[in-house]
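Single-letter residue listing:
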Amino acid sequence: MSKIKIMETCLRDGHQSLMATRLTTNEMLPIIEKLDNVGYHSLEMWGGATFDAAIRYLNEDPWERLREIKARVKNTKLQMLLRGQNLLGYRNYPDDIVERFIKKSIQNGIDIIRIFDALNDTRNLKTACEATKKYGGHAQLAISYTISPVHTVEYYKNLALEMQEMGADSIAIKDMSGILLPEFAYTLVKELKSILRVPLEIHTHATAGLASMTYLRAIEAGADIIDTAISPLSGGTSQPATESIVRSLEGTERETGFDLNLLREIAEYFKPIRAKYLKEGTLNPQALMTEPSIVEYQLPGGMLSNLLAQLKLQKAEDKYEDVLKEIPRVRADLGYPPLVTPLSQMVGTQAVFNVLTGQRYKLIPNEIKNYVRGLYGKSPVPITEEMKKIIIGNEEVFLGRPADKLEPEYDTMVEESREFARTEEDVLTYALFPQVAKEFLMKKYEND
């Protein structure tokens, strides 16, 4: 077996998971050259919530961040996370927007795009996968990992084969909640490696305290790549620490060959930055706690803090445990969707409503109705007729690919943003987040 490859997440998932994606470009740039010299397989530094957070909270242009980092990286691939047809937003975008966004991402410096769909509905990955390959990027299709009566080894093998057939250049198991157990990881990786021709990457979170053990077993089973975060941005709801994994593999046939002194310098750089965010409260100590019961509830780390905030607003913090218990019930009612954006938020909100009103499904958010109408894609298990009736009455359920209902939108976006968008990138930023982008771009160009 060859050396294990490592994707470093500190510039994306590390700070997204621990401190609400608040790392600024200026905090990243001084350390890029050192990160580039470690020998990482890739640096994850874009996508996920970084785009939204940059324009919404940091008054930064995410495209500029990408170009600035690209200019400093000579040896390492740059990687991003993309929510399939949702891109980086929270709704399905038409195919023309998806294709143009991916084209521009690759032109500005992205090498690898990890594409996932919250329902593992491969129809929602198709356009993004094809566009990535068309413009010369590496299309990594990701399985949203979850535990349920239907999510068996066979289910995941069939899904992985389907993704490979679609043209995936590699496949990732994306365990967004940190619930992939070490022994199941070993079995799953062994089985997947026996049928796949493309590399297999494993992504998990340290939330439940299992992640390092899971990685070691996945590596033994033949995983090709794992995702870690440099120590100051690791642990809790983030990934295991890069240095710890590197050390634990020394003397084995899969050791990384990374220079621990260089990793120490990178960690030292991030320590004061982490201390600053801890002091100002952006890094919530709760995010660093180990939460073993997450395996029962299957919530991604960010969703726990979200739930607490929602209940606090309603002055109903005492209902926290009740909501946690209600979440698996709602999930079963809805056909066992994996709890990842946007479904984690939707299921969580429905559970909160069910508990606070004291009557299940008395209040139903529109997003849940649209999900049951088939507008997000196909649920892993069909939703019962009885449940459909409660949520949407006798309405028809749409069985096609959700994006087929959408008209091309790019030309409309060009028209709408004519007064404040200067570039194609600006237009795409506006297409994804119209309200926030308009304000951001007007401010950006006001002195020109």
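Residues numbered from 1 in each chain as written. Predicted model: local features only at pLDDT ≥ 70, side-chain atom pairs only at ≥ 80, totals over all residues. Heavy atoms only, no water.

Undergrad: What exactly am I supposed to notice about the overall build of the protein here?
TA: Looking only at helices and strands, the protein features 21 helices and eight strands. Taken against the 2.2 N^0.38 rule, which gives 22 Å for 448 residues, the C-alpha radius of gyration of the protein at 21 Å falls within 12% of a compact globule. Oriented by its inertia axes, the alpha-carbon framework of the protein measures out at about 65 × 60 × 50 Å. Across the 448 residues in the protein, those meeting the buried criterion constitute 58%. Accessible surface for the protein amounts to roughly 18400 Å². Of this, 50% is attributable to carbon and sulfur atoms. Side chains of the protein carry 55 positive and 63 negative charges; the gap between the two charge centres is 1 Å. (Helix = DSSP H or I, 4+ residues; strand = E, 2+ residues; numbered from the N terminus. Rg over C-alpha atoms; globule rule 2.2 N^0.38 Å. Buried < 20%, exposed > 50% of the residue type's maximum accessible area, 1.4 Å probe, protein only. Areas by Shrake-Rupley, 256 points an atom, 1.4 Å probe, with all protein chains shown as cover. Lys, Arg positive; Asp, Glu negative; His and termini not counted. Charge placed at Lys NZ, Arg CZ, Asp CG, Glu CD.)

Undergrad: In this structure, what is going on with the pairing of strand E3 (residues 77-82)? I would like to understand it.
TA: The two faces of the sheet receive side chains in turn, since in a regular strand these alternate between them. For E3, the buried fraction is high: five of the six residues fall into the buried class. In this sheet, E3 lies alongside strand E2 (residues 42-47) in parallel orientation, the contact comprising five bridges. Bridge pairing in E3 links Trp-46 to Met-80. Here E3 runs beside strand E4 (residues 112-116); their pairing, made up of four bridges, is parallel. Residue Gln-79 lies in a different strand from E4, and its bridge partner there is Ile-112. (Pairing = 2+ DSSP bridges.)

Undergrad: Looking at this structure, how should I read the sheet that holds strand E1 (residues 5-8)?
TA: Paired through backbone hydrogen bonds, the strands of a sheet run either parallel or antiparallel to each other. Judged by pairing direction, the barrel is parallel, and its eight strands sit side by side in the order E1-E2-E3-E4-E5-E6-E7-E8 before closing back on the first. This sheet shows a mean twist of 30 degrees between the axes of neighbouring strands, independent of strand direction. Sitting on the sheet, helix H1 (residues 10-19) is in contact with E1, E2, E3 and strand E7 (200-203), with an inclination near 60 degrees to E2. Those strands touched by helix H8 (residues 153-166) are strand E5 (138-144) and strand E6 (170-174), and its axis lies near 160 degrees from that of E5. (Axes fitted to C-alpha atoms, helices over the stretch in contact; angles between N-to-C directions. Contact = heavy atoms within 4.5 Å.)

Undergrad: Sorry, what's going on with helix H9 (residues 182-195) here?
TA: An ideal rise of 1.5 Å per residue puts 20 Å on 14 residues; H9 measures up with 20 Å between its terminal C-alpha atoms. Of the positions making up H9, those classed as buried are Pro-182, Ala-185, Leu-188, Val-189 and Leu-192. The buried residues of H9 occupy one face: seen down the axis, they fall within an arc of 120 degrees. Buried residues along H9 sit against H8, E6, E7 and helix H10 (211-220). (Expected span 1.5 Å × (residues − 1). Arc of directions from axis to C-beta.)

Undergrad: Looking at this structure, I do not really get the pattern of salt bridges. What am I missing?
TA: Oppositely charged side chains can pair when the atoms bearing their charge come close. Under the definition given, this model contains 34 salt bridges. Between Arg-65 and Glu-60 there is a salt bridge, with the nearest N and O atoms lying 3.0 Å from each other. In this structure Glu-60 comes out as buried when scored by relative accessible area, which is 14%. The closest approach of N and O atoms between Lys-388 and Glu-385, which form a salt bridge, is 3.2 Å. Of this pair, Lys-388 and Glu-385 both sit in helix H18 (residues 385-392), separated by three residues, roughly a single helical turn. Taken together, the shared-partner salt bridges in this structure form one network comprising Glu-326, Arg-329, Asp-333 and Arg-360. (Salt bridge = Lys/Arg side-chain N within 4 Å of Asp/Glu carboxyl O.)

Undergrad: What is the right way to read unusual backbone geometry from this model?
TA: If a residue is not glycine, its phi is most likely negative; likewise, a peptide bond is most likely trans. Although it is not a glycine, Asn-59 sits at a positive phi angle of roughly 50 degrees. With respect to the helices and strands, the residue Asn-59 is situated in the loop between helix H4 (50-56) and helix H5 (62-72). Given a relative accessible area of 47%, Asn-59 falls into the partly exposed group. Positive phi, close to 60 degrees, is recorded for Tyr-361, a residue that is not glycine. Summarising the element assignment, Tyr-361 is placed in the loop between helix H16 (343-357) and helix H17 (366-372).

Undergrad: Can you walk me through the packing of helix H20 (residues 424-432) against helix H21 (residues 434-445) in this structure?
TA: In helix packing, the relevant descriptors are the interaxial angle and the interaxial distance, both defined with respect to the helix axes. Put simply, H20 and H21 touch, their axes get as near as 6 Å, and they point 145 degrees apart. Residue-level contacts link Asp-426, Thr-429, Tyr-430, Ala-431 and Leu-432 of H20 to Pro-434, Ala-437, Lys-438, Leu-441, Lys-444 and Tyr-445 of H21. Each residue belonging to the contact of H20 with H21 can be placed in one class, and the counts come to seven nonpolar, one polar and three charged. (Nonpolar A, V, L, I, M, F, W, Y, C, P; charged D, E, K, R; others polar.)

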